[in-house]
Amino acid sequence: MEWPKDMLEDIEDFRSERSIRSPKSNEEIEKLSVDENLSPLERALFLLSNGEDVQKSSVISSLAALMKQSPSETQRRVLPKICDLLRSAELDVHLAAASAVSSLLETKQLTTQTFNTILFTTVMNGVESKDSAISGAWLKTLLIAVAKYTPDVVRREILPVALAKGQLSQSVLSRLASCEMLGVIATKFESVRIRRELLGLVTSLCQDVDYEVRSCMCRQLEPIAKQLGSELTGTLILTELVELAKDEECSVRIACLETLVSLLDQLDKDVKETTVVPLLQQCFESALAAKDATLQVACRLCGKFCYQLKDALSNDRRKWFLDFYRDVVLLDAKHTKTQPTVVAPKTMGSCSPSASIEDDPIAECRRLCAYNLPAMALFAEAHNFDRELLSTLQRLANDQHPRVKRTVAAGFHEVAKILGPALVSSVRSQFLSLLKESSLEVLQGIIPRLGDSLRLFAQHASLGVSKFGGLPDFISAIVSCSQTVSKSHLWRLHEELVHQYCLLPDCLTSDQIYYKFVPRTFKLLSSKHVLPVRLAAGQAVCVFIRRNRRKEQRQELCSRLIEDLGANRSCWNRLLFIDVCGFLVETFSKKFFKTVFFEFVLVLAKDPVANVRLRLCRFLPRLKSVLKLPTDRLLLQQFNLVTRHLLTTEKDPDVQAGINVAFKESDRVDIPVETFSGRTFFEDDMLDAKKEDEERQIELEEEMELAAAAEQEKIDKESAKQSKQLNDTKKSKSGKKSSFSGVVVAFVFDEFFYGERAR
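A quick note: this is a predicted structure, and the numbers were derived from the prediction, not measured.

## Let's talk about the overall build of the protein chain
When helices and strands are tallied, the protein chain shows 42 helices and 0 strands. When the 759 residues of the protein chain are sorted by exposure, 46% land in the buried category. Pairs at least 24 apart in sequence give 72% of the contacts found in the protein chain among residues at least 6 apart. Carbon and sulfur atoms form 52% of the exposed surface of the protein chain, whose accessible area is close to 40,100 Å².

## A word on the nonpolar core
Phe-115, Leu-241, Phe-284, Phe-305, Phe-517 and Phe-593 are the most contacted members of the largest nonpolar core, which totals 226 residues. Not counting the four nearest positions on each side in its chain, Phe-517 is found in contact with Ile-475, Ile-478, Val-479, Tyr-501, Leu-504, Leu-508, Gln-512 and Phe-544.

## Observations concerning the packing of aromatic side chains
Summed over the entire model, instances satisfying the criterion amount to 15 aromatic pairs. Arranged with centres 6.1 Å apart and planes meeting at 5 degrees, the rings of Trp-320 and Phe-324 form a pair that is stacked. With Trp-320 and Phe-324 both in helix α19 (residues 315-329), this residue pair falls 4 residues apart, about one helical turn. Both rings, one in Phe-431 and one in Phe-474, keep their centres 6.1 Å apart while their planes meet at 35 degrees; by these two values the pair is tilted. Remark: Phe-474 occurs in helix α29 (residues 471-486) and Phe-431 occurs in helix α26 (residues 428-435); sequence separation between them is 43 residues. The two residues Phe-431 and Phe-474 agree in class, both being buried. In textbook terms, an aromatic cluster arises when at least three aromatic residues are bridged by ring pairs, as seen for Phe-284, Phe-305, Trp-320, Phe-321 and Phe-324. Here the guanidinium or amino end of Arg-193 rests over the ring plane of Phe-189, the centre of that ring lying 5.6 Å away.

## Brief notes about helix α10 (residues 151-165)
An α-helix turns once every 3.6 residues. As a result, residues three or four positions apart point the same way. Over its 15 residues, α10 extends 20 Å from the first C-alpha to the last, a length consistent with the 21 Å expected when each residue adds 1.5 Å. The largest bend in α10 amounts to roughly 45 degrees and is located at Ile-158, with the proline Pro-160 lying one to four residues further along. Of the surrounding secondary structure, the elements contacted by the buried residues of α10 are α8 (112-127), α9 (132-147), α11 (172-186) and α12 (191-206).

## Concerning the pattern of salt bridges
Following the criterion strictly, the structure yields 38 salt bridges and no others. Here Arg-193 and Glu-197 are joined by a salt bridge, their closest N and O atoms 2.9 Å apart. Taken together, the residues span about one helical turn, with Arg-193 and Glu-197 both in helix α12 at a distance of 4 residues. You can call Arg-193 partly exposed: its relative accessible area is 26%. You can call Glu-197 partly exposed: its relative accessible area is 24%. Here Glu-388 ties to Arg-387 by a salt bridge, and the two come within 3.6 Å at their closest N and O atoms. You can call Glu-388 buried: its relative accessible area is 16%. Connected via shared salt-bridge partners are Lys-319, Asp-323, Arg-326, Arg-387 and Glu-388.

## Some remarks on the packing of α19 against helix α20 (residues 361-371)
With their axes 8 Å apart at the nearest point, α19 and α20 run at an angle of 135 degrees to one another. Here α19 lies oblique to α20, going by the angle between them. Pair α19 / α20 crosses with left-handed handedness. Here Tyr-325, Val-328 and Val-329 of α19 come into contact with α20, specifically with Cys-365, Arg-366, Cys-369 and Ala-370.

## What about helix α3 (residues 40-50)?
Buried within α3 are the following residues: Leu-41, Ala-44, Leu-45, Leu-47 and Leu-48. One side of α3 holds all its buried residues, which, seen down the axis, span an arc of 165 degrees. In this fold, the buried residues of α3 make contact with α4 (53-61), α5 (63-69) and α6 (71-85).

## Concerning the packing of α20 against helix α24 (residues 402-410)
Orientation of α20 relative to α24, taken along the N-to-C sense of each, is 5 degrees, at an axis distance of 8 Å. With respect to α24, the axis of α20 lies roughly parallel. Judged by residue contacts, Ala-363, Arg-366, Arg-367, Ala-370 and Tyr-371 of α20 engage Arg-403, Val-404, Thr-407 and Val-408 from α24. Each residue belonging to the contact of α20 with α24 can be placed in one class, and the counts come to 5 nonpolar, 1 polar and 3 charged.

## What to know about the environment of Arg-613
As for its placement among the helices and strands, Arg-613 is situated in helix α38 (residues 610-624). With relative accessibility at 12%, the residue Arg-613 sits in the buried group. Residues Arg-613 and Asp-654, 41 residues apart in the sequence, show an inter-C-alpha distance of 9.8 Å.

## Thoughts on the side chain of Thr-392
With respect to the element layout, Thr-392 can be found in helix α23 (residues 390-397). On the basis of relative accessible area, Thr-392 is assigned to the buried category, the value being 4%. Beyond its immediate chain neighbours, meaning those up to four positions away, Thr-392 contacts Tyr-325, Arg-326 and Val-329.

## Things to note about the confidence of the model for the protein chain
Chain-level statistics for the protein chain give a pLDDT mean of 84 and a share of 85% at 70 or above. Segment residues 333-354: pLDDT under 50, and 38 contacts once partners within four positions in sequence are set aside and those in other chains are kept. Note on residues 461-470: pLDDT is under 50 here. Beyond four places in sequence and across chains, it has 21 contacts.

Criteria and cut-off values
- Residues numbered from 1 in each chain as written.
- Predicted model: local features only at pLDDT ≥ 70, side-chain atom pairs only at ≥ 80, totals over all residues.
- Heavy atoms only, no water.
- Helix = DSSP H or I, 4+ residues; strand = E, 2+ residues; numbered from the N terminus.
- Buried < 20%, exposed > 50% of the residue type's maximum accessible area, 1.4 Å probe, protein only.
- Contact = heavy atoms within 4.5 Å.
- Areas by Shrake-Rupley, 256 points an atom, 1.4 Å probe, with all protein chains shown as cover.
- Core = buried A, V, L, I, M, F, W, Y, C linked by side-chain atoms within 4.5 Å.
- Phe/Tyr/Trp six-rings, centres within 6.5 Å; stacked < 30°, edge-to-face > 60°.
- Lys NZ or Arg CZ within 6 Å of the ring centre and 35° of its normal.
- Expected span 1.5 Å × (residues − 1).
- Bend = angle between axes of the 7 residues up to and from the residue.
- Salt bridge = Lys/Arg side-chain N within 4 Å of Asp/Glu carboxyl O.
- Axes fitted to C-alpha atoms, helices over the stretch in contact; angles between N-to-C directions.
- Parallel < 35°, antiparallel > 145°, perpendicular 65-115°, else oblique.
- Left-handed = near helix turned anticlockwise from the far one by under 90°.
- Arc of directions from axis to C-beta.
- Nonpolar A, V, L, I, M, F, W, Y, C, P; charged D, E, K, R; others polar.
- pLDDT = per-residue confidence, 0-100.

Structure (structure tokens):
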């Protein structure tokens, strides 16, 4: 066989590569060697003096451990050594040192006094560094320290530095550092001192010639406003925000919107009406016209703005914001306009950043509108939803981009909750459409809260007595969703869907579940799906049995569990049966489990597969906990016989170890004893009694339904018999009666028939 020429060349190149580096010289080995007898502190000092940069970074990263072992010696000897080292260190060493010092400050292992005495000068030198990475790392450390200072120390040590670095003659990095320092410093001062000592520099930085400085200072206005109070915020801070909202740079306008939404709680209603609302209208109009990154931020924050400004909006302005929201949803990709690259912050609540649409800005705007749909529904109010937002929901639910539809699906339960049972039927078609989606991405949004939405639909008056009419549409949609998910490789999504089956008894009748979902669930139990999906199916079957209102169906389901799992030829199914028995113990009363399943579980002690016997050994202590004396004396004897059998005859070493552990744990299980004088009830007993009462109530309701059905059938038969007799009488006399008499007979028949029915 002749190999291709290019493949032979690759093989030769591979052979020529040297994956193992040449051995180090004796001098290098000796240089990197450390005496094993040195203490951790001495080893750290040695490496800081003679080690490589990697070793130095490692020592600095372990500073917290050294502080725990010998805090005083570490502060006296190691910290000064690190300060000397940092004067000529590389970037990695600076980053490790800044991170380590920040961690010590946050965990309070390093006091502010020690920080001032030993590290303050080093930190300030790092902040002054021309390397932006080093400067930024040490600035974060300094801000953590400042947050722990007293106001006097801040005023004496930090404020002069912040004021000096904020001057226009300083570099951009220095002015950026000043902005962040002013935001932290403001939290330590009262409003009078802020107005006298900080506000002038704050105003200057908000009007800085560099857009990065203006944006950074804008983001620091929130902590400053909180200290100033609502009155000064409305007069001083809002003035700067109004100017920043008109800035030519997109990033500054974005910072302005994000700062403004955080200040709404501090503003009076009058200020909102006269200043904030017109400002927002101007910003939103500009963003919609420009279609730049500001529009995405406006879409992301519109729900918060509308909800918090609701009381300050007139009907016309409320309609304006709803119109803006609808206009953005109507945007299409053809309106996309090329813009400078400006990355908007991706803090979008429960929607992860990975769900954003980076290649289509307009689609991302629609996705953000979909994210805000619950907030806008709350803003428009439930009784206005059909008129104001139903068409918008319809458009978003049918959007061409799957991530938009996924976002709608993820928040659909919130919209349904806002509408309530009385109005939720208006969004029924959109819900069914999303549930029947073939896109797995969309189903990932709707499945986790599927049960919450179904409950609201089931409670709606249009569905009859909470359950009957109209649900075939929902059943077919759920089945379609299940088929789509089961064919995919997303087993976690499939598991979540099967978990949602446990909520179906709140929405569907026993017959609907029995004929539509029980076969699918048992098929999952016996299939080759991953174990989490099969366990979820077992849990769903337990709930179906528990909530079923037909005795025959309950008995059949229990028998199927035993036959399909407990007595199955596959050891995997028998293992699953033991796990399902754990769900049965949690779901049913102890009495039910002992009556139906207890003896079948013990049979598995003679299973030919060692893993099945081992799984049973782990379940034995829990099995013993369901017993009560003297009622379950015979069951306890069977339990003890099985335990002794395993202890004496088991040959597999793993099962032997398992039964020994199970025997010890079973001995610690206290079996409650019932006496004629009663017994003490513990919390577990009260819970079990509640389960038993619920099971008894289900049986009573079933008996009442059967009795009512039998009585109704008897009445129907009697009515049919009387109707037949009257018809025969009518036929025999029809030739002798006039047409008038026929009308009279019909009238008498109707009166008699309905009178008898009423009686």
